[in-house]
Amino acid sequence: DAGVTQSPTHLIKTRGQQVTLRCSPKSGHDTVSWYQQALGQGPQFIFQYYEEEERQRGNFPDRFSGHQFPNYSSELNVNALLLGDSALYLCASSFFSYEQYFGPGTRLTVT
Amino acid sequence: DQQVKQNSPSLSVQEGRISILNCDYTNSMFDYFLWYKKYPAEGPTFLISISSIKDKNEDGRFTVFLNKSAKHLSLHIVPSQPGDSAVYFCAANDGTSYGKLTFGQGTILTVHP
């Protein structure tokens, strides 16, 4: 049973560029959440997708947007990248449960 | 505003002894709590959870205690093993939906053989 998968593993971008990160949920899960984890901090909630709609959003600017596809996979898009966007981006999936299962993350470096 | 706090950045324990990791929260709306473990280069792994209607939940070597009046929870690991060495995060949900988890900053646990 495949768990949550994310791609790419690592990414280096320049300030002002745009980036797209991808996530496939654990088999049987229909809800995808995205988190940003800065160095030495806990994950911070960006938003959650369910039934292809953004259901809940954290305190992140509109530069952060997402999408969920009919197969429940999801994308996170970040526009106009800032140095402060450098972080580990985690995707988590769930199915009618508080317990979210995380992927290995995408390490984004903005230079 | 840090609504979930883990005030100990690190904890060092001898193999076979008890590890106690602590977490405090400020939001009285939180009513479901989870502990995650994270190894380097991996995503957080769910360990154990507790609902606010309980004060204790056990799963093998792991026990979580919840003190609602003190807004405090703790994770006990008995006996501790070197493979338990990792970063431990507590997280909370406000129960309005199966949505946002609010995480603490994490505690690095090192178990020495």
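Shown above is the structure to which this text applies.
Owing to the predicted nature of the structure, the values given are computational and were not obtained by experimental measurement.

**Q** I keep staring at the packing of aromatic side chains and nothing clicks. Help me out?
**A** Any aromatic ring pair is given by two values, namely how distant the centres are and how the planes are angled relative to each other. Following the criterion strictly, the structure yields 16 aromatic pairs over all chains and no others. Within the aromatic cluster, the residues linked to one another by ring pairs are Y35, F45, Y101 and F102 of chain A together with Y36, F46, F89 and F103 of chain B. The aromatic ring of Y101 of chain A is capped on one face by K26 of chain A, whose charged end is 5.9 Å from the ring centroid. In this structure, R55 of chain A is placed above the aromatic ring of Y50 of chain A, and the distance from its NZ or CZ to the ring centre is 4.6 Å.

**Q** I'm lost on the pairing of strand β5 (residues 45-51) of chain B in this one. Help?
**A** Two faces, one strand: in a regular strand the side chains alternate between the faces of the sheet. Residues and elements named next belong to chain B. In this structure, strand β4 (residues 32-38) lies alongside β5, joined through six bridges in antiparallel fashion. When the sheet's bridge partners are listed, K37 is paired in β5 with T45. Linking two consecutive strands that pair antiparallel, namely β4 and β5, is a turn of six residues; a positive phi of about 65° is found at A41 within it.

**Q** It is not clear to me how the sheet that holds strand β1 (residues 5-7) of chain A should be interpreted in this structure. Could you clarify?
**A** Whether parallel or antiparallel, the strands of a sheet pair through hydrogen bonds between backbone atoms. All names here are of chain A. In space, the four strands of this open sheet follow the order β1-β3-β8-β7, with antiparallel pairing throughout. Lying at the two open borders of the sheet, with one neighbouring strand each, are β1 and β7 (64-68). The sheet shows a mean angle of 20° between the axes of neighbouring strands, direction not considered. For β1 and strand β3 (residues 19-24), the ladder comprises three bridges, and the chain directions are antiparallel. When the sheet's bridge partners are listed, S7 is paired in β3 with R22.

**Q** What am I meant to see in the pattern of salt bridges here?
**A** Proximity of charged atoms lets side chains of opposite charge pair with each other. Residue and element names in this part refer to chain A. Under the definition given, this model contains five salt bridges over all chains. The residue E75 makes a salt bridge to R22 at a minimum N-O spacing of 3.4 Å. Linking E75 in strand β8 (residues 74-78) with R22 in strand β3, this pair joins segments that are 53 residues apart in sequence. On the basis of relative accessibility, which here comes to 42%, the residue R22 falls in the partly exposed class. In this structure, R57 engages E54 in a salt bridge whose closest nitrogen and oxygen atoms are separated by 3.0 Å. For E54, a relative accessible area of 35% gives the class partly exposed.

About the cut-offs
Residues numbered from 1 in each chain as written. Chains lettered and ligands numbered in written order. Predicted model: local features only at pLDDT ≥ 70, side-chain atom pairs only at ≥ 80, totals over all residues. Heavy atoms only, no water. Phe/Tyr/Trp six-rings, centres within 6.5 Å; stacked < 30°, edge-to-face > 60°. Lys NZ or Arg CZ within 6 Å of the ring centre and 35° of its normal. Pairing = 2+ DSSP bridges. Helix = DSSP H or I, 4+ residues; strand = E, 2+ residues; numbered from the N terminus. Axes fitted to C-alpha atoms, helices over the stretch in contact; angles between N-to-C directions. Salt bridge = Lys/Arg side-chain N within 4 Å of Asp/Glu carboxyl O. Buried < 20%, exposed > 50% of the residue type's maximum accessible area, 1.4 Å probe, protein only.

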